[in-house]
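# Observations on chain architecture
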Amino acid sequence: MRAAVIQFPGSNCDRDMAVALEKSGADVQVVWHKDAALPSGVDLVAIPGGFSFGDYLRCGAIAANSPICRAVVDHANAGGYVLGVCNGFQILTETGLLPGALLRNAGLKYICRTVGLKIETANSAYTESYSAGSEISVPIAHHDGNYFADDATIARLTGDDRVAFTYTDNPNGSRANIAGILSQNRRVLGMMPHPERAFEDAHGNTDGQRLFAGLMAQLTSA
Amino acid sequence: MKARVHVMLKEGVLDPQGAAVQHALGALGFAGVNGVRQGKVIELDLADGTTEAEVGEMCEKLLANMVIESYRIDLL
């Protein structure tokens, strides 16, 4: 599997993401935001966490309009896989690849701790190695992770089995406890929790490992 | 010419910052503040002849997120 990790000024989980993908067996290239094209033959684009462009205007708004994001949108529209974590999720909503928006946490505080997640669907390359309904622990670290979408969108996401993860104890006010959602073709995943920070024994928690392993299995056999 | 763009969260979208400001005003003894909504004001210095429609396009493409925000344009 060939993966590209996008790097913006202010990204801070780019290396963690690249290491998690590499250790899962992917051939990883880090791509600068000013590049207008992705490396050829890329299967997966990973948009890492951080505070791209200092969260100016809105989280992810400036990054979503950078040259590389046009290539990421084309990649997704052509059926490519895109994983956005934390700021990456915010960027994906700003590009319109995923519906909704991430608002300021309801409690106004920046939250950095490990939370419980329920796997809502195993029907995606990202979640197929978990069982639906099972629970895992993954860290969150965000100020703006409060998922918002209108009632019709929430109903559509739920009805189409596109909610990938929910919080077992909602930390930020997200509607329907949503922690991660899939695109209609189930190949674009945006999630606020950081699976790349629950990957190695040294992290004290390896619950995120299976997300990468499942992705690897799916994209290598494809 | 200049334009001033007001960006506000839409009605029905929770504004936790506005709620915190409302709470703080109450704590300062200001009674009767029934609600606070916090938004942002963006001033644009524009080439003469820029139309309101063009500024509207700027709002919809970047300055506001139409999923959660609405905007108002004042041409100055």
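Residues numbered from 1 in each chain as written. Chains lettered and ligands numbered in written order. Predicted model: local features only at pLDDT ≥ 70, side-chain atom pairs only at ≥ 80, totals over all residues. Heavy atoms only, no water.

## Regarding the interface of chain A and chain B
Applicable threshold: Contacts are assigned to residue pairs with any non-hydrogen atoms lying within 4.5 Å of each other. What gets called buried area is simply the loss in accessible area from a 1.4 Å probe that two parts show on being joined, summed for both. Each reported salt bridge corresponds to a side-chain nitrogen of Lys or Arg within 4 Å of a carboxyl oxygen of Asp or Glu. Identification of polar contacts relies on pairs of N or O atoms within 3.5 Å, with a donor-acceptor requirement for protein atoms, meaning one able to donate a hydrogen and the other able to accept it, and with residues adjacent in sequence counted only if both atoms are side-chain atoms. Strands are runs of DSSP state E lasting at least two residues, helices are runs of H or I lasting at least four, and both sets are numbered from the N terminus onward. Each residue receives one of three labels: charged for Asp, Glu, Lys and Arg, nonpolar for Ala, Val, Leu, Ile, Met, Phe, Trp, Tyr, Cys and Pro, and polar for the others, Gly being one of them.
With 14 residues of chain A at the contact, the number on the chain B side is 17 residues. Interface area, chain A with chain B, both sides summed: about 1200 Å², of which 67% is carbon and sulfur. Across the contact surface, chain A and chain B share 1 salt bridge. Counting across the chain A and chain B interface gives 4 residue pairs in polar contact (both at pLDDT 80 or more). Mapped by element, the contributors of at least two residues to the side of chain A that touches chain B are β5 (101–103) and β8 (146–148) of chain A. Broken down by class, the residue content of the side of chain A that touches chain B amounts to 7 nonpolar, 4 polar and 3 charged.

## Structural notes on unusual backbone geometry
Residues and elements named next belong to chain A. To keep things clear, this is the line we draw: Here's how the labels work: a residue is buried when its accessible area is under 20% of the maximum for its type, exposed when over 50%, partly exposed in between, all with a 1.4 Å probe on protein chains only.
Of note in the backbone geometry, Leu108 takes a positive phi value of approximately 70° without being a glycine. As for its position among the elements, Leu108 is in the loop between β5 and β6 (111–119). On the basis of relative accessible area, Leu108 is assigned to the partly exposed category, the value being 26%. A positive phi is found at Ala176, a non-glycine position, where the angle reads about 55°. Mapped onto the elements, Ala176 comes out in the loop between β9 (163–167) and β10 (178–182). Since its relative accessible area comes to 45%, Ala176 is described here as partly exposed.

## What to know about the sheet that holds β6(A)
All names here are of chain A. Our working rule: Note on pairing: two strands pair once DSSP finds at least 2 bridges between them. Axes here mean lines fitted to C-alpha atoms, for a helix over just the part in contact, with angles spanning 0 to 180 degrees between N-to-C directions.
Strands sit in the order β2-β1-β3-β4-β11-β10-β9-β6-β7 across an open sheet of 9 strands; the sheet is mixed. At either end of the open sheet lies a strand with only one pairing partner, and these are β2 (27–32) and β7 (135–142). Averaged over all pairs of adjacent strands, the angle between strand axes in this sheet comes to 20°, irrespective of strand direction. When strand β3 (residues 44–47) meets strand β4 (residues 81–85), the two strands line up parallel, connected through 4 bridges. Counted as the bridge partner of Ala46 is Leu83 from β4. Contacts from helix α5 (residues 151–159) reach β9 and β10, with the element oriented near 70° to β10.

## Examining the nonpolar core
Filter applied, for reference: Only buried residues count toward a nonpolar core. Its members are Ala, Val, Leu, Ile, Met, Phe, Trp, Tyr and Cys residues joined through side-chain atoms within 4.5 Å.
By size, the foremost hydrophobic cluster in this structure holds 70 residues, and its most contacted members are A:Leu21, A:Leu44, A:Leu83 and A:Phe165. The biggest single contributor to this core is helix α3 (residues 67–77) of chain A, with 6 residues. Counting 11 residues, the second-largest nonpolar core is a separate cluster that includes B:Ala3, B:Val7, B:Leu44 and B:Leu63.

## Description of the state of the cysteines
Linking two cysteines covalently via their sulfur atoms produces the bond known as a disulfide. All names here are of chain A. To keep it simple, the criterion reads: By convention in this document, the label disulfide applies to cysteine sulfur atom pairs within 2.5 Å.
In this structure the tally under the stated criterion is 0 disulfides over all chains. Cys86 provides the cysteine sulfur closest to Cys13, a residue in no disulfide bond, and the two sulfurs are 6.5 Å apart. Judged by its relative accessible area of 1%, Cys13 is buried. Not part of a disulfide, Cys112 finds its nearest cysteine sulfur in Cys86, a span of 9.7 Å.

## Some thoughts on the pattern of salt bridges
Any two side chains of opposite charge can pair, given that their charged atoms come close. Within this structure, the stated rule accounts for 11 salt bridges over all chains. A salt bridge links A:Asp151 to A:Arg175; its shortest N-O distance comes to 2.6 Å. With a gap of 24 residues between them, A:Asp151 in helix α5 and A:Arg175 in the loop between β9 and β10 connect regions that are remote in the sequence. Residues participating in the shared-partner salt-bridge network are A:Arg58, A:Glu94 and B:Glu69.

## Things to note about empty space enclosed by the protein
All names here are of chain A. To keep it simple, the criterion reads: Put plainly, a pocket is an open set of points on a 1 Å grid over the protein atoms alone with protein on both sides within 12 Å along at least five of seven lines, a cavity is a set where a 1.4 Å probe fits but cannot get out, and a lining residue has an atom within 4 Å of a point. Grid points are joined across faces, edges and corners, and a volume is the space filled by probe spheres set on the points.
Counting across every chain of the model gives 1 cavity of 30 Å³ or more. What the largest cavity holds in volume is close to 50 Å³. If you trace the largest cavity, you find it lined by Gly50, Phe51, Asp55, Cys59, Cys86, Asn87, Gln90, Ala141, His142, His143 and Asp144. The set of elements that each furnish at least two residues to the lining of the largest cavity consists of α4 (87–95) and β7. When grouped by side-chain class, the residues that make up the lining of the largest cavity number 4 nonpolar, 5 polar and 2 charged.

## Structural notes on the confidence of the model for chain B
Put simply, the test is: What pLDDT conveys is the predictor's confidence in a given residue, as a value from 0 to 100.
Looking at chain B, the pLDDT average stands at 96 and 100% of residues meet or exceed 70. Per-element confidence in chain B is highest for strand β2 (residues 40–45) of chain B, whose mean pLDDT is 98, and lowest for helix α1 (residues 16–27) of chain B, whose mean pLDDT is 94.

## Some details on the side chain of A:Thr93
By secondary structure assignment, the location of A:Thr93 is in helix α4. Those residues in contact with A:Thr93 that lie beyond four places of it in its chain are A:Leu98, A:Pro99, A:Gly100, A:Ala101 and A:Leu102.

## Remarks on the layout of surface pockets
Empty space within the largest pocket amounts to approximately 510 Å³. Where the lining of the largest pocket is concerned, the elements lending two or more residues are α4 and β5 of chain A together with β1 (2–9) and α1 of chain B. Residue composition of the lining of the largest pocket, grouped by class: 11 nonpolar, 6 polar and 8 charged.

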